[in-house]
Amino acid sequence: MQKKLQALYLNNKLIVWAAAVSVVLALGVLLKVKDEVTRFTLIMPIFAGFILFAILITPDEELEDEQPQATKSTPVYHKRTRKSR
């Protein structure tokens, strides 16, 4: 379990730190602000910023769907035949 968590942290340091910062900020807002609407108004941009940051630092290769492997065979062409009238 420890090795899996360590590998996860090493591969995703920036996202882990951004998540920690966003959780700390959200907890700070929850403890400091009493009004529920203001809490929601202040917490949503924190999480939206985290999601945007995670999307921007993710390499393009991870975001794309896997493309089917192209076959190396040449396409088959059919001869055109004239239709008789």
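The residue numbering used here restarts from 1 in each chain and proceeds along that chain's sequence as written. Given that the model is predicted, a residue must reach a pLDDT of at least 70 before its local features are reported, and side-chain atom pairs must reach 80 or more before they are shown or counted; all residues, however, enter totals for whole chains, interfaces and linings. Just so you know, side-chain values use all the structure's heavy atoms and leave hydrogens and water out.

Draft legend 1. View of the nonpolar core. Here, nonpolar core refers to any group of buried Ala, Val, Leu, Ile, Met, Phe, Trp, Tyr and Cys residues whose side-chain atoms link them within 4.5 Å. Burial here depends on accessible area, computed with a 1.4 Å probe over protein chains only, as a share of the maximum for the residue type. Under 20% is buried, over 50% is exposed, and the range in between is partly exposed. Ala-26, Val-29, Val-33, Ile-43 and Ile-46 form the largest nonpolar core, which has 5 residues in total. Those elements that provide at least two residues to this core are helix H2 (13-32) and helix H3 (36-57). Contacts between residues were defined by any pair of non-hydrogen atoms, one from each residue, lying within 4.5 Å. With residues up to four places along the chain from it excluded, the contact list for Ala-26 reads Ile-43, Ile-46 and Phe-47. Numbering goes from the N terminus for both helices and strands, where a helix is a DSSP run of H or I of at least four residues and a strand is a run of E of at least two.

Draft legend 2. View of the UniProt feature "transmembrane region" (unreviewed entry) in the chain. Here, the residues flagged by UniProt with the feature "transmembrane region" (unreviewed entry) are residues 14-33 and 40-58. Between the C-alpha atoms that bound residues 40-58 there is a distance of 27 Å. The span itself is 95% helix and 0% strand. UniProt positions are given in the numbering used here, feature names are shortened, and annotations may be inferred rather than shown by experiment.

Draft legend 3. Quick peek at H3. To estimate the expected span of a helix, subtract one from its residue number and multiply by 1.5 Å. The terminal C-alpha atoms of H3, which comprises 22 residues, lie 32 Å apart, in line with the 32 Å expected from a rise of 1.5 Å per residue. For H3, every residue scored as buried is listed here: Ile-43, Ile-46 and Ala-54. Buried positions in H3, seen along its axis, are confined to an arc of 75° and lie on one side of it. In H3, those exposed residues whose orientation departs by more than 90 degrees from the buried face are Val-37, Phe-40, Leu-52 and Leu-56. Considering only its buried residues, H3 is in contact with H2. Summarising the geometry, the arc corresponds to the directions from the helix axis toward the C-beta atoms.

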